[in-house]
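Residues per chain are reported as follows:
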Number of protein chains: 2
Amino acid sequence: MHYFVTGGAGFIGSNLVDRLLQASHHVTVYDNLSTGQIEFLKRAQESAQFKLVQGDTLDLPALTSAMHGCEFVFHLAANADVRFGTEHPRKDLEQNTIATFNVLEAMRANSIRKIGFSSTGSIYGEAALIPTPEDAPFPVQTSLYGASKLSGEGLIAAYCEGFGFQGYIFRFVSILGERYTHGHIFDFYRQLLADPHHLRVLGNGQQRKSYLYVQDCINAIFTVIEHAQEKVNIYNLGTDEYCRVVDSIGWIADRLGIKPELQFTGGERGWIGDNPFIFLNCSKVRALGWQPKLTIQQSVVKTLEYLMEQNWLLERR
Amino acid sequence: MHYFVTGGAGFIGSNLVDRLLQASHHVTVYDNLSTGQIEFLKRAQESAQFKLVQGDTLDLPALTSAMHGCEFVFHLAANADVRFGTEHPRKDLEQNTIATFNVLEAMRANSIRKIGFSSTGSIYGEAALIPTPEDAPFPVQTSLYGASKLSGEGLIAAYCEGFGFQGYIFRFVSILGERYTHGHIFDFYRQLLADPHHLRVLGNGQQRKSYLYVQDCINAIFTVIEHAQEKVNIYNLGTDEYCRVVDSIGWIADRLGIKPELQFTGGERGWIGDNPFIFLNCSKVRALGWQPKLTIQQSVVKTLEYLMEQNWLLERR
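The model shown is predicted, which means the values in this text are computed figures rather than measured ones. (Residues numbered from 1 in each chain as written. Chains lettered and ligands numbered in written order. Predicted model: local features only at pLDDT ≥ 70, side-chain atom pairs only at ≥ 80, totals over all residues. Heavy atoms only, no water.)

Re the domain arrangement of chain A
Residues and elements named next belong to chain A.
Part 1: When the domains of chain A are assigned, the result is domain 1 (2-175 + 212-237) and domain 2 (178-210 + 241-279 + 295-316).
Part 2: Inter-centroid distance (C-alpha atoms) of domain 1 to domain 2 is 25 Å.
Part 3: With 23 residues of domain 1 in contact, the opposing surface of domain 2 contributes 22 residues.
Part 4: Across the interface of domain 1 and domain 2, roughly 2100 Å² is buried in total on both sides, 54% from carbon and sulfur atoms.
Part 5: It is F40, R83 and Y213 that lose the most area in domain 1 upon contact with domain 2, and together they represent 29% of the buried surface on that side.
Part 6: Our enumeration of links across domain 1 and domain 2 arrives at two salt bridges.
Part 7: Between R179 and D18 there is a salt bridge, and its shortest N-O distance comes to 2.9 Å.
Part 8: Where domain 1 packs against domain 2, one counts eight residue pairs in polar contact (both at pLDDT 80 or more). (Domains from an automatic or database assignment. Contact = heavy atoms within 4.5 Å. Buried area = accessible area lost by both parts, 1.4 Å probe. Salt bridge = Lys/Arg side-chain N within 4 Å of Asp/Glu carboxyl O. Polar contact = N/O pair within 3.5 Å; in protein donor to acceptor, adjacent residues only side chain to side chain.)

Some thoughts on the confidence of the model for chain A
Part 1: When the pLDDT values of chain A are averaged, the result is 95; 99% of them are 70 or greater.
Part 2: For this predicted complex, the interface confidence reaches an ipTM of 0.95, while the overall pTM sits at 0.96. (pLDDT = per-residue confidence, 0-100.)

Digging into the interface of chain A and chain B
Reports of interface size often rely on the accessible area that becomes lost once the parts have come together.
Part 1: With 41 residues of chain A at the contact, the number on the chain B side is 41 residues.
Part 2: Mapped onto the side of chain A that touches chain B, the elements with two or more residues apiece are α3 (89-109), α4 (144-163) and β11 (232-237) of chain A.
Part 3: The element contributing the most residues to the side of chain A that touches chain B is α4 of chain A, with 13 residues.
Part 4: Here the residues of the side of chain A that touches chain B are counted per class, giving 23 nonpolar, ten polar and eight charged. (Helix = DSSP H or I, 4+ residues; strand = E, 2+ residues; numbered from the N terminus. Nonpolar A, V, L, I, M, F, W, Y, C, P; charged D, E, K, R; others polar.)

A few points about the packing of helix α7 (residues 245-256) of chain A against helix α9 (residues 296-309) of chain A
Residue and element names in this part refer to chain A.
Part 1: Where α7 meets α9, the axes come as close as 10 Å, and the angle between the chain directions of the two elements is 45 degrees. By the angle class used here, α7 and α9 are oblique. Viewed along their axes, α7 and α9 form a crossing whose handedness is right-handed. The residues of α9 that touch α7, namely those facing S248, W251, I252, R255 and L256, are I296, Q297, V300, V301, L304, E305 and M308.
Part 2: Grouping the amino acids of the contact of α7 with α9 by side-chain chemistry returns eight nonpolar, two polar and two charged. (Axes fitted to C-alpha atoms, helices over the stretch in contact; angles between N-to-C directions. Parallel < 35°, antiparallel > 145°, perpendicular 65-115°, else oblique. Left-handed = near helix turned anticlockwise from the far one by under 90°.)

Dropping the structure here:
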């Protein structure tokens, strides 16, 4: 199979690319390298079955041309910055909503009908039902990021109905692991490198979040694509546990052998639109036989250890 | 209050404008007159409190400038063509999703924080729960139109959370009444004028749909805006009944005194993405004290009688 991966130089994308190549597939990555890292594709570039096209998802002609000959599209390119959405609302519209439209139009032009899409648990807003299942009550959006992913899901489903596409929509919790490049572990580790004695924490530290290790995430994606048969296949991907921000800080501090003083900015939410409790019901994907191999604690420590070996990443961003 | 009404020259928009002027408000209409009709604003233009700005919602600078001094925005401008969505997918993206983003950005630039939005029952896709309440299970989209309205709702909710806006989102069933310019009654009447003996019906005629009279719709909008106090207020607007397409045809034929032979194109759906059963649970808006004055049958006949008096409309479109 020839896969096309937008955002294939990113955290999740590049891990997916390595796995697809390991499984002997052909892979074309389309990435503008705005947040993706060429270093993440070092291993992929050793393969003759790999091709990198540097381009932007907003450039529809280039996107359409790059997709030629591919059979399955993983659309992972996105502005994944939930926290600063209100500082640049156009970014989510363009890089997520319009970009997804362009990907679908490029697929239509190339007669490609299968798409995998990285959506988010943020789409549930402040869910009334926790752990939140895929068919939770119709949510009200609380972030521009969530709204833009909702738009992307809606477009994909409409293309499935209208143009005979088959869609695989994955609502991720926060993903951790090798090549992690943004999020709380990144922020905390960078702060602690500069000053191991103090750590500024957004909110009251009691926010409850769920996490999933990137290889477990990719295993789940492969399981769904192999087994799910609907026109539109929507799956939550997460672990059956959550932790508080302070739990995660405890594991990080222990691993670093330090005891920083925590300075909370206060409030239930770390920022406008922050969701104080994200925990997804993942029984739908588990029913397909998948289960995660790492706990949240193991994933947090593994991510920290990765960052400790990759100081160039902290300097770059 | 000074209201800004996008799509104010359209069917629902122009009726809303007349009612706002009757209630002594100031009204600025922003419409590109692509489907809106200047004739619908004839009465409004007699008022010194009325202003028409001809402009496109995709022209953000013009939109922002026209909105200056307004206090409440009704965003009704849209591509309301559900049926032909797959013939021009970009139309829903631009005229609905991006246009709504522009309206929100223009509001932000003008420090206007209240918005009323015409969404749709189509947003529920093929609902598992009928009559469908506002908090129905998270729907899967079946049309580009529904997907674009979902995007609009998501954007509005995110602006409410992120920028302190207050949103009133109305999920309409099909609206009927004076100035009705597209939909099944329009299509059927035009066909029967050309040939009273035959009527081509999309699908098997058993599709069940709900309808609401335009003045009842506007009464409901006013009731919600007066009483609903949440940050994001989402209300289904419809009657507590539905009819089959063949029922509607019967009422139309009776009123015209004809007995056309019905030629069904067949199938449960009239077109790709047509929803064979739309029926909304409207107990939330009824709990605010609103109720419709006209039945579906009365609304259908009233709409037909309006079209019979307005042959110019049939010729123009």
